[in-house]
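Overview (structure and organization)
Each chain is listed here by its residues.
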Amino acid sequence: MPHTFGPENATLTVRTKRTGAASKAGHDLLIEVTAWSATLDLEADPALTLTADSRSLRVREGTGGIQALDDEAKAGIAQTIDEEVLVGTPIEFRSTSVEGERVEGELELAGERHPISFELATGADGRFTGRATVKQSDWG
């Protein structure tokens, strides 16, 4: 039986890390995706799909950097992501293989589609957790 997830029963977050020149002035961010849906089917042909509205990203916290982030700065970062980085394009993931805890597939960001893989673990409480590393420059 497929499992269906979205903001009503799960949380989808993005954590950014600073590198290079931005590491001195920028912030590491915690961004929540507020409009998304995912389906995980673990039956005979396991599959995971996810779609997210790139305009629904909300900066929840920022650490590091020269100054603390206030609500106005958080909103400005979200606006920059929407208008200059993802430009309103959908975010989509489609698995090509689910074997045990290993998930492989393709992630589409800003109109670019690239392969990605990650581990999807099931906790003792039945919760699923996964983590993937996305290098922004790989998607242009």
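Keep in mind that what you see is a predicted model, and the values were worked out from it rather than measured. (Residues numbered from 1 in each chain as written. Predicted model: local features only at pLDDT ≥ 70, side-chain atom pairs only at ≥ 80, totals over all residues. Heavy atoms only, no water.)

Further remarks concern the sheet that holds strand E9 (residues 112-122). Across the sheet, which stays open at both edges, the seven strands sit in the order E1-E4-E5-E7-E8-E9-E10 with antiparallel pairing between neighbours. If you trace the sheet from one side to the other, it starts and ends with strand E1 (3-5) and strand E10 (128-131), each paired once. Sheet twist, expressed as the average angle between the axes of neighbouring strands with direction ignored, equals 20 degrees. Bridge count for strand E4 (residues 36-41) against strand E5 (residues 47-52) is six bridges, and the pairing is antiparallel. By the bridge assignment, Trp36 is partnered in E5 with Ala52. (Pairing = 2+ DSSP bridges. Helix = DSSP H or I, 4+ residues; strand = E, 2+ residues; numbered from the N terminus. Axes fitted to C-alpha atoms, helices over the stretch in contact; angles between N-to-C directions.)

By secondary structure assignment, the location of Asp82 is in helix H2 (residues 71-85). The class for Asp82 is buried, based on a relative accessible area of 16%. At 3.2 Å, the side chain of Asp82 forms a polar contact with the side chain of Arg55. When neighbours within four sequence positions are excluded, Asp82 is seen to be in contact with Arg55, Val87 and Gly88. (Buried < 20%, exposed > 50% of the residue type's maximum accessible area, 1.4 Å probe, protein only. Polar contact = N/O pair within 3.5 Å; in protein donor to acceptor, adjacent residues only side chain to side chain. Contact = heavy atoms within 4.5 Å.)

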